[in-house]
Amino acid sequence: MNRERTGMLVMLLQVILDVSDEEILVDYLLSNQVKEESAAAERIARKRGRLHIKTFSGTNQEAMVITLSFLRAKYGSISPGYLNSIGFDEMWRKRLLQVLTSYQSRL
């Protein structure tokens, strides 16, 4: 569940930054690499009686494709359409971009 909320937030930020759908999907699917590389963490989790990591990790490309399509169909676009509908209007988007670009210039 947290992974999906995080993926959604990152996707919204990427849309604001004019990242293409293809790049959004590539980034979204990167968490699957962690899934494949987590064999040691899975063994530790099983020893401690925790949930099976492989069952509850990784992402589904179709879920993000459907989300992008749904938001565009329902709101006309993600930005500004959906974002305006949740109160993240142009003023907030400009403020976010200023913060992100000022942070980047300090690096």
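The rules behind each value
- Residues numbered from 1 in each chain as written.
- Predicted model: local features only at pLDDT ≥ 70, side-chain atom pairs only at ≥ 80, totals over all residues.
- Heavy atoms only, no water.
- Helix = DSSP H or I, 4+ residues; strand = E, 2+ residues; numbered from the N terminus.
- Buried < 20%, exposed > 50% of the residue type's maximum accessible area, 1.4 Å probe, protein only.
- Polar contact = N/O pair within 3.5 Å; in protein donor to acceptor, adjacent residues only side chain to side chain.
- Contact = heavy atoms within 4.5 Å.
- Phe/Tyr/Trp six-rings, centres within 6.5 Å; stacked < 30°, edge-to-face > 60°.
- Core = buried A, V, L, I, M, F, W, Y, C linked by side-chain atoms within 4.5 Å.

### Side note on the side chain of Gln14
Its location among the elements puts Gln14 in helix α1 (residues 2–16). With a relative accessible area of 10%, Gln14 lands in the buried category. Among the polar contacts listed, one links the side chain of Gln14 to the side chain of Asp27, at a separation of 2.5 Å. Beyond its immediate stretch of four places on either side in the chain, Gln14 contacts Val19, Ile24 and Asp27.

### Here's the deal with unusual backbone geometry
Cis peptide bonds are those with omega within 30 degrees of zero, and the linkage from Ser79 to Pro80 qualifies with 20°. Positive phi is not limited to glycine here, since Asp18 has a value of about 60°. With respect to the helices, strands and loops of the structure, Asp18 is situated in the loop between α1 and α2 (21–29). A relative accessible area of 69% places Asp18 in the exposed class.

### Some details on the packing of aromatic side chains
Taken as a whole and judged by the stated rule, the model has one aromatic pair. Judged by centre distance (5.2 Å) and plane angle (65°), the rings of Tyr75 and Tyr82 are edge-to-face. Look at Tyr75 and you get partly exposed, because its relative accessible area is 30%.

### A look at the nonpolar core
Membership of the largest hydrophobic core comes to 13 residues, with the highest contact counts inside it found for Met11, Leu12, Met64 and Ile78. Only α1, α2, α5 (61–75) and α6 (78–85) provide two or more residues apiece to this core. Considering each element in turn, this core owes the most residues, four residues, to α1. When near neighbours in sequence (up to four residues on either side) are disregarded, Leu12 contacts Ile78, Tyr82 and Leu83.

### Side note on the side chain of Ser77
Looking at the secondary structure, you find Ser77 in the loop between α5 and α6. On the basis of relative accessible area, Ser77 is assigned to the buried category, the value being 18%. Beyond its immediate sequence surroundings of up to four residues, Ser77 is in contact with Leu71, Arg72 and Tyr82.

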